[in-house]
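Topology and contacts: notes
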Amino acid sequence: MSAEKPGVTVLASSIAERYVGEIAAKVEKLKASSRPQGPLLVGFLANDDPAAAMYASWTEKTCKSLGFRYELRKIEDKDFLEEAIIVANMDDSVDGIMVYFPVFGNAQDQYLQQVVAREKDVEGLNHVYYQNLYHNIRYLDGGQQLKSVLPCTPLAVVKILEYLKVYNTLLPEGNRLYGKKCVVVNRSEIVGRPLAALLANDGATVYSVDINNIQKFTRGEGLKFSKHQVKDIGDYSDGLLQECCKDADVLITGVPSANYKFPTEYIRDGAVCINFSSHKNFDDSVKTRASLYVPTTGKVTISMLLRNMLRLIENSQKLKGSK
Ligand code: NAD
């Protein structure tokens with residue numbers, strides 16, 4: 001694609017619109033039935049990170065505009081956070097819980113993620129949800145009743161790829177990325193690795209890049225919903241990354257650094273580029289190569305969070321109804 005015919009920027013707000021409408025309609029139904037005041041999301045803020053405070057106020061705004069109630073519980077002493085989460089877990093008036101991480105900034109944060117009751121875990125961070133994702137299991141109960149939830153950011157990227165029509169709806173569900181090559185630059189446990197698995201489970205070949213090495217994720221052979229396969233393909237080098245990008249249809253970045261810029265010359269003409277990092281990982285020249293460019297994903301992520309919350313409420317209602 002030449003500079004005279006640049007690609008198009010697609011904003012997360014436009015992508016989120018469809019979900020915003022769906023979510024607002026479901027909340028109205030809930031208000032008319034079991035939750036007249038609207039479902040309640042509780043956010044725990046136990047750090048003094050301005051980015052977390054901003055995310056919290058943004059969550060509150062979105063919640064309120066869609067008919068949810070939102071309560072921010074500020075925890076002055078982080079050693080009391082675990083107890084505060086347990087109290088919210090036991091409180092029937094609380095439908096969803098989220099914690100603004102990092103709190104301790106180490107493995108204790110992973111423990112705290114698991115303290116949040118699975119039934120209220122709107123971010124989808126519970127290990128059962130991750131395990132289902134990795135094993136390509138869509139339901140919690142072995143049947144077709146209680147749908148599992150997915151971690152919000154990886155799910156948001158999937159929804160973005162659906163919106164951009166990278167998912168081919170002529171193919172059967174579960175294989176709609178068949179033939180697509182994706183590169184994901186980030187392999188954190190919270191976003192990059194689950195994202196690579198989700199895309200591979202949907203049929204893509206995914207090069208998962210981190211600072212140390214590059215792995216190839218592919219769809220499992222055989223059974224319809226079989227687990228993806230992972231293969232190490234080499235230590236990280238610019239040359240290997242460039243090789244993986246040569247015929248990549250999709251490039252997704254999540255490098256948490258203001259200095260990092262994905263090399264524009266690695267982008268195949270016409271590829272789709274998506275950045276979920278809070279830093280701009282692509283520079284302005286990205287659209288001289290990319291056909292579609294999504295600079296941020298936050299607004300879709302928050303829609304997924306609220307969508308997850310509605311799914312958790314639906315699951316709990318189904319469980320109550322079946323007793
Ligand atoms: P992280 O630090 O846990 O992981 C960063 C990943 O990027 C690692 O896999 C690392 O190896 C890789 N990486 C770093 N530098 C690299 C380089 N030069 N080349 C290749 N790979 C490199 O961070 P995270 O929690 O995944 O967050 C990443 C970014 O995404 C942040 O900007 C964050 O704000 C944003 N984000 C995070 C979340 C979340 O839920 N954690 C959600 C949405 C967006």
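Note that the coordinates shown come from a computational prediction; the quantities given were computed from them, not determined experimentally.

**A closer look at the UniProt feature "domain: Tetrahydrofolate dehydrogenase/cyclohydrolase NAD(P)-binding" (unreviewed entry) in the protein**
Annotation from UniProt places "domain: Tetrahydrofolate dehydrogenase/cyclohydrolase NAD(P)-binding" (unreviewed entry) at residues 151-212. Helix makes up 35% of residues 151-212 and strand 16%, whereas the separation of the span's terminal C-alpha atoms amounts to 24 Å.

**Focus: the sheet that holds strand S3 (residues 69-74)**
Either a parallel or an antiparallel arrangement is found when strands of a sheet pair, and the pairing is made through backbone hydrogen bonds. The 3 strands lie next to each other as S3-S2-S4, forming an open sheet whose pairing is parallel. Two strands lie at the open edges of the sheet, namely S3 and strand S4 (96-99), each paired on one side alone. The sheet shows a mean angle of 20° between the axes of neighbouring strands, taken without regard to direction. Pairing analysis gives 4 bridges linking strand S2 (residues 40-45) to S4, with the strands arranged parallel. The partner of Leu41 across the bridge, within S4, is Gly96. In the packing of helix H2 (residues 50-65) onto the sheet, contacts are made with S2, S3 and S4, and the angle to S3 comes to roughly 160°.

**Thoughts on the site of the ligand**
Of all residues adjacent to the ligand, which total 16 residues, the nearest are Asn186, Arg187, Ser188, Ile211 and Ser278. One of the side-chain N or O atoms of Asn186 is found 2.9 Å from an oxygen atom in the ligand. Note that an oxygen atom of the ligand is positioned 3.1 Å from one of the side-chain N or O atoms of Ser277. Taken by itself the ligand offers 840 Å² of open surface, and the protein chains cover 66% of this. Partitioned by chemical class, the residues of the shell around the ligand number 8 nonpolar, 6 polar and 2 charged.

What counts and what doesn't
- Residues numbered from 1 in each chain as written.
- Predicted model: local features only at pLDDT ≥ 70, side-chain atom pairs only at ≥ 80, totals over all residues.
- Heavy atoms only, no water.
- UniProt positions renumbered as here; feature names shortened; annotations may be inferred.
- Helix = DSSP H or I, 4+ residues; strand = E, 2+ residues; numbered from the N terminus.
- Pairing = 2+ DSSP bridges.
- Axes fitted to C-alpha atoms, helices over the stretch in contact; angles between N-to-C directions.
- Contact = heavy atoms within 4.5 Å.
- Near = heavy atom within 4 Å.
- Polar contact = N/O pair within 3.5 Å; in protein donor to acceptor, adjacent residues only side chain to side chain.
- Areas by Shrake-Rupley, 256 points an atom, 1.4 Å probe, with all protein chains shown as cover.
- Nonpolar A, V, L, I, M, F, W, Y, C, P; charged D, E, K, R; others polar.

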